[in-house]
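# Reading the structure
Residue strings, one per chain:
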Amino acid sequence: MTKFFQTFVILALASSHALASDPSPLQDFCVAVNDPSSAVFVNGKFCKDPKLVMADDFVFTKFRNPGSTSNQLGSKVTTAFVDQFPGLNTLGIATARLDFAPYGLNPPHIHHRGTEMLVVVEGMLHVGFVTSNQLNNTLFTKVLTKGDVFVFPQGLIHFQLNIGQTNALAFAFLSSQNPGLITIGNSVFGSRPPINVDVLTKAFQVDNKLINHLQAQNWFDNH
């Protein structure tokens, strides 16, 4: 019995240590302050008094109508993240509706706080993601049709392109209430203030005229 108790304590301590970790970030940053009166944001959202919660808090209706694809990308992503759908707070999930015109593109981007699972409802999509440098930046790509499901691992660059001659529709489900979004082109060439031209010319091994041209574009965010 003593040996069993000792073994139990050791396993409990080991499990406790193994499971101990900081909470996952739910925003880009959360700078600490020593004065509580100066604290405005928390890692996530403040909770509504449970006595005031209603059924409407758990309903999101903005997926009823297609998003407008009349833009330079030919696509529109309508998000139901915690900012748009407060009922998701603390539940660790979010979703989005993706509408595509023929040959519309959801450009290369990252969700740095969540894995994405995509299901195609209508049309045909060419999708893919690129692995990290450690795995030689390997491209995994597939053509999806109605009913197909594809998963994009957290933090990896991925994209969706409608390769059909008709509109396409898909829904995404993400493993965070606020999975975050970094659109590669917007971030690299559309940052404010702009990244130093010398940094980008050296990084991409091109001349500064091309970088200046890219930075002068009206970078579009379809989310």
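Relevant structure appears above.
Thresholds, definitions, all that
- Residues numbered from 1 in each chain as written.
- Predicted model: local features only at pLDDT ≥ 70, side-chain atom pairs only at ≥ 80, totals over all residues.
- Heavy atoms only, no water.
- 1 Å grid on protein atoms, 1.4 Å probe; cavity = no way out; pocket = protein on both sides within 12 Å on 5 of 7 lines; lining within 4 Å.
- Points joined across faces, edges and corners; volume = space filled by probe spheres on them.
- Nonpolar A, V, L, I, M, F, W, Y, C, P; charged D, E, K, R; others polar.
- Axes fitted to C-alpha atoms, helices over the stretch in contact; angles between N-to-C directions.
- Helix = DSSP H or I, 4+ residues; strand = E, 2+ residues; numbered from the N terminus.
- Parallel < 35°, antiparallel > 145°, perpendicular 65-115°, else oblique.
- Left-handed = near helix turned anticlockwise from the far one by under 90°.
- Contact = heavy atoms within 4.5 Å.
- Core = buried A, V, L, I, M, F, W, Y, C linked by side-chain atoms within 4.5 Å.
- Buried < 20%, exposed > 50% of the residue type's maximum accessible area, 1.4 Å probe, protein only.
- Pairing = 2+ DSSP bridges.
- Phe/Tyr/Trp six-rings, centres within 6.5 Å; stacked < 30°, edge-to-face > 60°.

Unfilled space is identified by rolling a water-sized probe across the atoms. Applying the stated rule across the entire model yields two cavities of 30 Å³ or more. Approximately 30 Å³ is the volume attributed to the second largest cavity. Residue composition of the lining of the second largest cavity, by class: three nonpolar, six polar and one charged.

This next bit is on the packing of helix α3 (residues 197-204) against helix α4 (residues 208-215). Between α3 and α4, the least distance of the axes is 9 Å, while the angle of their chain directions is 115°. If you check the angle between α3 and α4, you find them roughly perpendicular. The handedness of the crossing between α3 and α4 is right-handed. Within the contact between the two elements, α3 uses Val197, Leu200 and Thr201 and α4 uses Asn208, Ile211, Asn212 and Gln215.

Inside soluble globular proteins, nonpolar side chains tend to come together where they are buried. Counting 26 residues, the largest nonpolar core has Leu98, Leu118, Leu125 and Val127 as its most contacted members. Ranked by residue count, the leading element in this core is strand β9 (residues 168-174), at six residues. Residues in contact with leucine 125, not counting those within four places in the same chain, are Phe100, Leu118, Val120, Lys142, Val143, Leu144, Leu161, Asn162, Ala168 and Ala170.

A separate point is the layout of surface pockets. By volume, the largest pocket amounts to about 300 Å³. Together, 13 residues line the largest pocket, and Cys47, Lys48, Pro86, Gly87 and Asn89 are the ones closest to its centre. Looking at side-chain class alone, the lining of the largest pocket contains seven nonpolar, three polar and three charged residues.

Sheet architecture is open: five strands sit in the order β6-β5-β8-β3-β10, paired in antiparallel fashion. Here the strands that pair on one side only, and so sit at the sheet edges, are β6 (139-144) and β10 (182-183). Here strand β3 (residues 105-110) runs beside β10; their pairing, made up of two bridges, is antiparallel. Note on β10: the bridge partner recorded for isoleucine 110 is isoleucine 182.

Two modes of strand pairing occur in sheets, parallel and antiparallel, and in both the strands are linked by backbone hydrogen bonds. Pairing in this open sheet of five strands is antiparallel, and the strands run β1-β2-β9-β4-β7 from one edge to the other. In the strand order of this sheet, the two ends are held by β1 (75-80) and β7 (149-152), each with one partner. With strand direction ignored, the average angle separating the axes of adjacent strands in the sheet is 20°. Relative to β9, strand β4 (residues 116-122) is paired through six bridges, and the arrangement is antiparallel.

According to the stated counting rule, one finds eight aromatic pairs in the structure shown. Aromatic side chains phenylalanine 129 and phenylalanine 140 sit 5.3 Å apart centroid to centroid with 25° between the ring planes, which places their arrangement in the stacked category. A residue pair is termed long-range when its members are at least 10 positions apart, and phenylalanine 129 in strand β5 (residues 125-130) and phenylalanine 140 in strand β6 qualify at 11 residues. Taken together, the ring pairs in this structure connect Phe60, Phe63, Phe85 and Phe171 into an aromatic cluster.

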